[in-house]
Each structure stands twice: as C-alpha cells, then as structure tokens.
Amino acid sequence: MKSFTLKLAAAAVAAACILPGTASASGGGSGPNVQYAVQGKIGEVITNPYKIAPLTAVIRNGGYQLKDAAVRIVPKHGGAEIKYNVSDVQLRTHAGIPVFGLYPDYNNTVEVSYTLVDGTKETRVENEVYRIYAPGIHTETNGTAAQHHAMFETEVKKVAPEFKDRLYFINNLGAADVRASRAVWNNPVGGALQWNNPPRNAILDTKGEIRWYMKADRIYDPESLYDAGIMMGFHQNADGALSWGYGQHYAKYDLLGRKVFNRRLPANYADFSHAMMPAENGGYFLRVASPDLRRADDTRVRTVRDVIIEVDASGEVVDEWRLFEILDPNRNIVLKSIDQGAVCLNIDTSQSGKTLSAEQLAKLEAQHAFGDIAGTGAGRNWAHVNSVDHDPVDDSIILSSRHQSAVVKIGRDKQVKWILAAPNGWRDGLKDKVLTPVGKDGRPLSCRIGKCEGGFDWTWTQHTAWKIDELSKGDIVYVSVFDNGDGRAFVQPEDQNEKYSRAVVYKIDQKAMTVEQVWEYGKERGHELYSPITSSVEYQADKNSVVVYWASIGTGSKTGPAPVLTEFRWGETKPAFEMHLKGGMGYRALPIDAQKAFVR
C-alpha cells in the first residue's frame, strides 16, 4: 500500500512539472490544465462567465493589455451573422474579449481581432479563429405532456433584407410550476405574491435560432417568497445592459450576465410586475403595489398593481403615484365587460366569455374579499397597470391600465393631464380629461357607448402604451399601444371568434385635447392574431419601424399559446418580418443591439 501511494505521488509531481510547459506551448498562460482552454495568442476561454448566460464566453487577455477588439460569430448553414466591436472599457471589465451570440449545442467558430500591447510594442491580430462549444439549452420543466421543448420552436415566415441583422429579445413565461404559487401575503391580506411563472428569456436571430438565453436558477427560486415572481419589464438601457423586475426584485445585468445590481424592492412597496422603465437621469420607474394601505373603512390591505414609484440610481424612492387616490378605483364599467376566463394570467377556460355583474362586484366589497382578483376598490385588481413611460418634456408619466381600458397621462403634481379611453363611466374631475377623437381633417368623430365613426377605435384591455419620442414635438405626442381587444365596446360577443387584437398608433394634441388614430394593424386578420392578454407594440428609431409581439395567441386552447412576432416599416400594413413561436406564453419582445452592449 505504501509503495502504491508513493508511485501516485511521484506521478502527480511529474504531471505538475509537465503541464505548465505544455500550456505555454499552446500560446497562453500557465498552470494545471490550462492548455485545454488556450487556443490563440492570448488567454483561456471561459464559457458562461457569470453563470446566467450559457451562450456567452470571455476569451481572457492572458495577462496582456488588449485594445480595439472586434468579434464575429461565424453563421452556421447560411444563418444570421452577429458581429460587434468591443470597447477598451469592456475589455478591462471582463478581463478579455466578451463573446456573445453562440449557437447552443454547437462547436462555434468565432473570429476575433484585437491589438495586443506588450510594453511599448503593439501587435495587431486580425480574424484570429477560436472554436467554442456551447452546451444545449437547459431550463426547468414542470413535467407535463404539454411541455415538449426546452425553450421554444420557431418558424420564420418572412424577412425583408433590411431586417436580416435583427436580434429579438423574447420575454416569455414558462409553464406554471406548482411550487410557485403556494404562498400568499396574509399580514395584511391581499396582494399578488402568488403571481409567479418561471422565466423563458432568450434572444433570437432572424433565422429563428436562439443565440442567448437566461439560465436563471442562480437568481430565481420558485419556492422563495422573495426570489420568485414573473420576470417582466425588460428594456435594453442606453449602456446596453438589460433591466427588469420580478416579484420583490428589480435588477440590471449586462448581456454577458454580469450583475450591475439586483435589489429588493424598497420596504414601502411590494409585488413588482409588468413595468420597469429607465429614466433619463439613471433612475427607474417601477410598477409596484402598497404592502400596507389603511383604507377609509379602516381595513388594512395589500394593494394590487396600482402604484408607480420612481427610484434614483442608488435605489432611493424619490416619488410615487398612488393611483387609488389619483384615478377612480370604483369605476366598474370595464370590469363588468372583460372575459373572466382570461384575467391577467389567471387563465380559467371554464369562465371563458363570462363577465362580472354589479352585484358580484358589490358582494366582494361587502365580504371584504381582497387579493389578486378583478374587483373595485383598493386591495383588488381594479387597475392592472401593465406599462409606464416617462415624458421628460413635461415631466409626466404615461401608463396603461388594463382593467380601465385606459391610457392615462399624469403629471408630477399627481394631476391627470389626459385620458385615452372611451368616455363612459368616469367620475367628475376625470371625465373632462378624456380626449376627443378626431378624423384626419381635425373634426370631432361621433361616438356612442364605446363605438366611434370613421374607423377610429379606443383600446380595450391594452398593453404597452409608450410615447414615440422621435415623432413627438411640442404639444403633439404620438403613442403606440397594443389593443388586446377584450371587452371591446364594453361587451362580450356571443361568438368568441369575433374578437381581434390590434397594434395601433395615436396622435394626441395635448393642447386641443384631441386624439387621431394614424395607424393600425390586426383587425384585418381577425381572430388569427387575437391575443387576450400580454403583448407589446414599440416604435424603433434605428429602422423607422414598429415591432409588434402578439404574445398570447391560442391562450386556453388545447394546443397552447403560439405567439407571433412581427416588424413593420413605418406606415406599412404588411409585415416586413414575421416569425411564429411555440412553447410558452409570451409577454413582450424587443430588438437587441449587440453593438450598444459592448461599446461604451
């Protein structure tokens, strides 16, 4: 036994002596097993460097100083090319060259160029080739037969030439996990703690290939009160990093998965979902709720999706909008007309087409029933705010309230400036803020009980009401909205297949208090694109286009959700890009600029 142990020790010493020399011969650093990671003239290849983005890597600098780098992921099978420059800031931050956009379960060919600085000597290296294997996609599953794909299946229907270089971030939701909804807030009662689905976040190219995805298990736990929730509100910030929130968190990470911050909500707020909008000053606007509100009847409750806060760059709350005090939480005309089979994400096909009566709403109040339920009054889901935007011109916010079928602009003074919604059911003090529809000639259009002449329509249970800054000027404001179309004109049709959704752009004259509908798409395709919940519309200045994500097509069907992603040249009514997806409920989609992420 002693002799055998000595032989092993001698072998280990011999290996330790041999390995460093072998590694140096490979062109990089030294140390045990380094030769397996070093390929080119510099350092090791580290895949998934920050543990949440498996289709990324860093080619380490190997102890050298690097500058003026560029990366190209060689497309496979005539696929979409990803290439970008890398700033010296990023080279220093990641200790090497960041690689983004690898194909999963594939031995990727990556070309990098850089200047290597060795003392006073500079050497330019062009198109150095690395082979980097990235593993197949792994996400949590819920074990049901309905789930048969790790992420999603894609089918690209159309790609116009000027859109071939697009990368789209897809914010989808995984199938419901029984572990994720067992807990509720009970002191005080109510809130939306149990609103929880695992994330399915990925970046796709225009061939439908996944080129990035989030492996979220290091930052998301479905069994934790504070680390669960639905990941929503994604935006690519001016510095190229992604910001979003989930449950009791709001966060910011770069595309390699490096944490910029991941913070608990401030103690005075709870239950983030839907909206985290970057502000011009480095802060954020968050859609949250109150964790402890004393109502006029002396009942203490947690509210549901009806508070907006502004946090500064350090996370301090600099302002808040308590919508149960600013708007009318007792307006019920929309609540009485929406489909109870698809209220937010609480899908119950047995309730499809059914609505709430005034008596049922009053019963909820009489019974002091609170929580994530459609109903009037603070402590229930009376507002369901699903987006917030900031207009720096007059320092106001623009929000979308699904359960009021209203887009509303509110000033810093907490006064309503205008309401884009049907005029029915608003109380005194708000009804005079409702915009008047006009035609192209500027003349008012006749409307009655949610229906207007001239092809104009309001939005119904809408999502993502965002100002188009590039087109707006002075008192003229352009706003894009996804009109989901449930409860259109305050009714449920006898035939549910009559429902349709629209992408729509409005032109608002804030001085004249008028609104003109300038573009729409979706009505002509009828029920084919009907998306009862979620979904998004957003103008893109770089291509003068509009991206529309029909995120909940097929909700409640036997085959499951089948989202459709489209992009339109400005003003056109035929998609320049169209891709169909299967494999989970969608929330929203947005283009990603890799160049912005790695040059700053």
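For the structure, check the block above.
Residues numbered from 1 in each chain as written. Predicted model: local features only at pLDDT ≥ 70, side-chain atom pairs only at ≥ 80, totals over all residues. Heavy atoms only, no water.

**So, the sheet that holds strand β37 (residues 536–540)**
Step number 1: Spatially, the five strands line up as an open sheet ordered β8-β40-β39-β38-β37, and their pairing is antiparallel. In the strand order of this sheet, the two ends are held by β8 (153–159) and β37, each with one partner. Between one strand axis and the next, the sheet turns through 15 degrees on average, direction left out of account.
Step number 2: Examined bridge by bridge, strand β39 (residues 564–569) and strand β40 (residues 577–582) share four bridges and lie antiparallel to one another. When the sheet's bridge partners are listed, glutamate 567 is paired in β40 with phenylalanine 577. (Pairing = 2+ DSSP bridges. Helix = DSSP H or I, 4+ residues; strand = E, 2+ residues; numbered from the N terminus. Axes fitted to C-alpha atoms, helices over the stretch in contact; angles between N-to-C directions.)

**Some details on the pattern of salt bridges**
Step number 1: This structure, assessed with the given rule, holds 41 salt bridges.
Step number 2: A salt bridge links aspartate 165 to lysine 543; the shortest N-O distance between them is 3.2 Å. Of this pair, aspartate 165 sits in the loop between β8 and β9 (167–173) while lysine 543 sits in the loop between β37 and β38 (545–550), placing them 378 residues apart in sequence.
Step number 3: Lysine 543 gets classed as partly exposed once you look at its relative accessible area, which sits at 23%.
Step number 4: Across the pair arginine 488 and aspartate 457 runs a salt bridge, and its minimum N-O distance is 2.7 Å. Separated by 31 residues along the polypeptide, arginine 488 in the loop between β34 (476–483) and β35 (502–509) and aspartate 457 in the loop between β32 (451–452) and β33 (463–467) bring together distant segments of the chain.
Step number 5: One network of salt bridges, in which partners are shared, links Glu310, Asp319, Asp395, Arg412 and Lys414. (Salt bridge = Lys/Arg side-chain N within 4 Å of Asp/Glu carboxyl O. Buried < 20%, exposed > 50% of the residue type's maximum accessible area, 1.4 Å probe, protein only.)

**Things to note about the environment of asparagine 201**
Step number 1: Topologically, asparagine 201 is positioned in strand β12 (residues 199–205).
Step number 2: Judged by relative accessible area, which is 1%, asparagine 201 ranks as buried.
Step number 3: In this structure, the C-alpha to C-alpha distance between asparagine 201 and asparagine 171, residues 30 residues apart in sequence, is 4.9 Å.
Step number 4: Dropping the residues within four chain positions of it, asparagine 201 is found in contact with Met151, Phe169, Ile170, Asn171, Asn172, Trp212, Tyr213, Met214, Met231 and Phe234. (Contact = heavy atoms within 4.5 Å.)

**Overview of unusual backbone geometry**
Step number 1: Here the residue pair asparagine 187 and proline 188 is connected by a cis peptide bond, since its omega of -5 degrees sits within 30 degrees of zero.
Step number 2: Position of proline 188 relative to the elements: it lies in the loop between β10 (185–186) and β11 (189–190).
Step number 3: Positioned with a positive phi, asparagine 544 is a non-glycine residue whose angle comes to about 50 degrees.
Step number 4: Relative to the helices and strands, asparagine 544 resides in the loop between β37 and β38.
Step number 5: Assessed through its relative accessible area of 35%, asparagine 544 is described here as partly exposed.

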